[in-house]
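A look at the structure
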Amino acid sequence: MKRIFMSLLSVLGIAGCAGGAGEQKYEVEHFKTVSGKDAAVTLVKHGSLEIRYGDYSIQVDPVSGLGRPTDYSSEFPRADLILITHEHGDHLDKEAVEALRKEGTRLIANRRCTDILGWGEVLENGAGETLRSDIRVDAVPAYNTTEGHLDFHPKGRDNGYVITLDGLKIYVAGDTEVIPEMASLADVDVAFLPVNQPYTMTVEQCVEAARLVRPAVLIPYHFGDTDLSGLESMLPGIEVRLRQMQ
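The residue numbering used here restarts from 1 in each chain and proceeds along that chain's sequence as written. Given that the model is predicted, a residue must reach a pLDDT of at least 70 before its local features are reported, and side-chain atom pairs must reach 80 or more before they are shown or counted; all residues, however, enter totals for whole chains, interfaces and linings. To obtain the side-chain values, all non-hydrogen atoms of the structure were used and water was disregarded.

Backbone hydrogen bonds hold the strands of a sheet together, and the pairing may be parallel or antiparallel. Spatially, seven strands are ordered 9-10-11-12-13-14-15 in an open sheet, and the strand pairing comes out mixed. Of all strands in the sheet, those bounded by a partner on one side alone are strand 9 (128-132) and strand 15 (239-240). Two strands form a pair only when DSSP identifies at least two bridges running between them. Counting from the N terminus, the helices are DSSP H or I runs at least four residues long and the strands are E runs at least two residues long. Both strand 14 (residues 217-221) and strand 15 contribute to a ladder of two bridges, which runs parallel. Bridging across to strand 15, V217 finds its partner in E239. Across the sheet, helix 5 (residues 203-213) lies against strand 12 (168-172), strand 13 (190-194) and strand 14, angled at about 155° from strand 13, the strand it touches most. Here a residue-residue contact requires only that any non-hydrogen atoms of the pair lie within 4.5 Å. Fitted lines through C-alpha atoms give the axes, limited to the stretch in contact for helices. The angle between two N-to-C directions lies from 0 to 180 degrees.

Next up on the list: the nonpolar core. Take the buried residues of types Ala, Val, Leu, Ile, Met, Phe, Trp, Tyr and Cys, join any two whose side-chain atoms come within 4.5 Å, and each joined set is a nonpolar core. To sort residues, take the accessible area from a 1.4 Å probe on protein chains only and compare it with the maximum for the residue type: under 20% means buried, over 50% means exposed, and anything in between is partly exposed. One finds Y171, F192, L193 and L218 to be the most contacted residues of the largest nonpolar core, which totals 75 residues. If one sorts the elements of this core by residue count, helix 5 sits on top with six residues. Aside from chain neighbours lying at most four places away, what touches L218 is A191, L193, C206, A210, L231, L235, I238, E239, V240 and R241.

Before going further, it helps to examine unusual backbone geometry. One non-glycine residue, D166, lies in the positive phi region at around 50°. By secondary structure assignment, the location of D166 is in the loop between strand 11 (158-165) and strand 12. Positive phi, close to 55°, is recorded for R214, a residue that is not glycine. With respect to the helices and strands, R214 occurs in the loop between helix 5 and strand 14. Residue class for R214 comes out partly exposed when judged on its relative accessible area of 33%.

With that settled, consider the pairing of strand 2 (residues 26-32). For strand 2 and strand 3 (residues 38-45), the ladder comprises six bridges, and the chain directions are antiparallel. Across the sheet, the residue bridging to F31 is A39, located in strand 3. Linking strand 2 to strand 3, which pair antiparallel, is a turn of five residues; within it G36 sits at a positive phi near 90°.

Think of a salt bridge as a Lys or Arg side-chain nitrogen and an Asp or Glu carboxyl oxygen that are within 4 Å of each other. Under the counting rule described, the total for this entry stands at 14 salt bridges. Put simply, E87 and R112 hold a salt bridge, and the shortest N to O gap is 2.8 Å. Residue E87 is located in the loop between strand 6 (81-83) and helix 3 (94-100), and its partner R112 is located in helix 4 (residues 111-117); the two are separated by 25 residues in the primary sequence. Since its relative accessible area comes to 14%, E87 is described here as buried.

The residue D90 is located in the loop between strand 6 and helix 3 in this model. With no salt bridge to any partner, buried D90 finds its closest opposite charge in R157, at an N-O distance of 9.2 Å. Reaching out from D90, the side chain makes a polar contact with the side chain of H46 at a distance of 2.8 Å. Residues in contact with D90, not counting those within four places in the same chain, are H46, V63, L66 and H222. Charge convention: Lys and Arg are scored as positive, Asp and Glu as negative, and His as well as the terminal groups of each chain are ignored. Throughout this description, a polar contact denotes any pair of N or O atoms lying within 3.5 Å of each other; where both atoms belong to protein, one of them has to be capable of donating a hydrogen while the other can accept it, and for residues adjacent in sequence the pair is counted only when both atoms sit in side chains.

Here's what the structure looks like:
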């Protein structure tokens, strides 16, 4: 789908509370699927995202604290799917998970996270799950490669995710450096890549990763106070959107 993606509508909006009322707090990026349906990605903060596809809500690494407090019980609907990349406290928050849980909520994570939470489904690197005829999630590797940083995110433990919604492919990389497995990702429409060494990537590594993945749109996330001002000029042919994620 990526090759036709740039001609499709993409609108920047603002999200408030779950019902649309209340203080407007989060930026929202809108993308169109193959059949013209809307996928709205709310940029909550740091590594936390919500993806709304029709009435289906996907929460990625929901965390209540970190900078702007988030009250998941009032600001978002209960989730149909929760994805957790790994067990670090800026990605796994039991309180946020429970606030989003309802009857029928599915939680997908690596084994460390499901052991901590006491529930959920394990997806190992390379495994995938078709949740509906138009929704699929694939777990992809996320790990450190720099000497001295390997224990932060060891190879084989943590997940990134490729979320496919009616042909629209969204890659949420999780905490990772640039890794060779990125080259095998195909037709990614939107990529979320982390940029904050020593835990994830330098700006230069992010550029290398983006060149491997070749998304139509790159949205850096998990970047703290990293200066991203030169990133757009380093990636001609990729639309880079610098948004507030802290």
